[in-house]
Amino acid sequence: MVTPMLAEVTGSIQVGLAGLGSAIGVGLVGMKASEAVGRNPGAFGKIIAIAILGMALAEAIVFYAILMK
């Protein structure tokens, strides 16, 4: 009876930590993209495309954690 509850709690912690890591990653990507555009405004198009790709990959971590739960 205790084992299923422990597995559920462990899975919730796993998804929570994945969400935290993903949020930190998206924040870092956004911060560095803003900094890069501030340094070189002419490269805005290339920077935003790479930033969006990086954010999408960082957010995918949460979906992987949910699927593994």
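My aim in this report is to walk through the structure given alongside it, one point at a time.

Among the surface-exposed residues, Val9, Ile13, Leu17, Leu20, Ile24, Leu28 and Met31 lie close enough to one another that they form a single nonpolar patch of about 670 Å² accessible area. Along the chain, leucine 20 turns up in helix α1 (residues 2–39).

Within the structure shown, the criterion is met by two salt bridges. For the salt bridge of glutamate 35 with lysine 32, the shortest nitrogen-to-oxygen distance reads 3.5 Å. On the criterion of helical spacing, the pair formed by glutamate 35 and lysine 32 is a turn pair, its members being three residues apart in helix α1. The exposure class assigned to glutamate 35 is partly exposed, which follows from its relative accessible area of 34%. For arginine 39, the salt bridge is made with glutamate 35, and the minimal N-O distance between the two is 3.3 Å. One end of the pair is arginine 39 and the other is glutamate 35, both in helix α1 and four residues apart, which spans about a single turn. Within this structure, Lys32, Glu35 and Arg39 form a network of salt bridges that share partners.

Scoring rules and cut-offs
Residues numbered from 1 in each chain as written. Predicted model: local features only at pLDDT ≥ 70, side-chain atom pairs only at ≥ 80, totals over all residues. Heavy atoms only, no water. Patch = residues over 30% accessible without salt bridge, like charges linked within 9 Å, V, L, I, M, F, W, Y side chains within 5 Å. Areas by Shrake-Rupley, 256 points an atom, 1.4 Å probe, with all protein chains shown as cover. Salt bridge = Lys/Arg side-chain N within 4 Å of Asp/Glu carboxyl O. Helix = DSSP H or I, 4+ residues; strand = E, 2+ residues; numbered from the N terminus. Buried < 20%, exposed > 50% of the residue type's maximum accessible area, 1.4 Å probe, protein only.

These results come straight from atomic positions and should not be treated as a statement about function.
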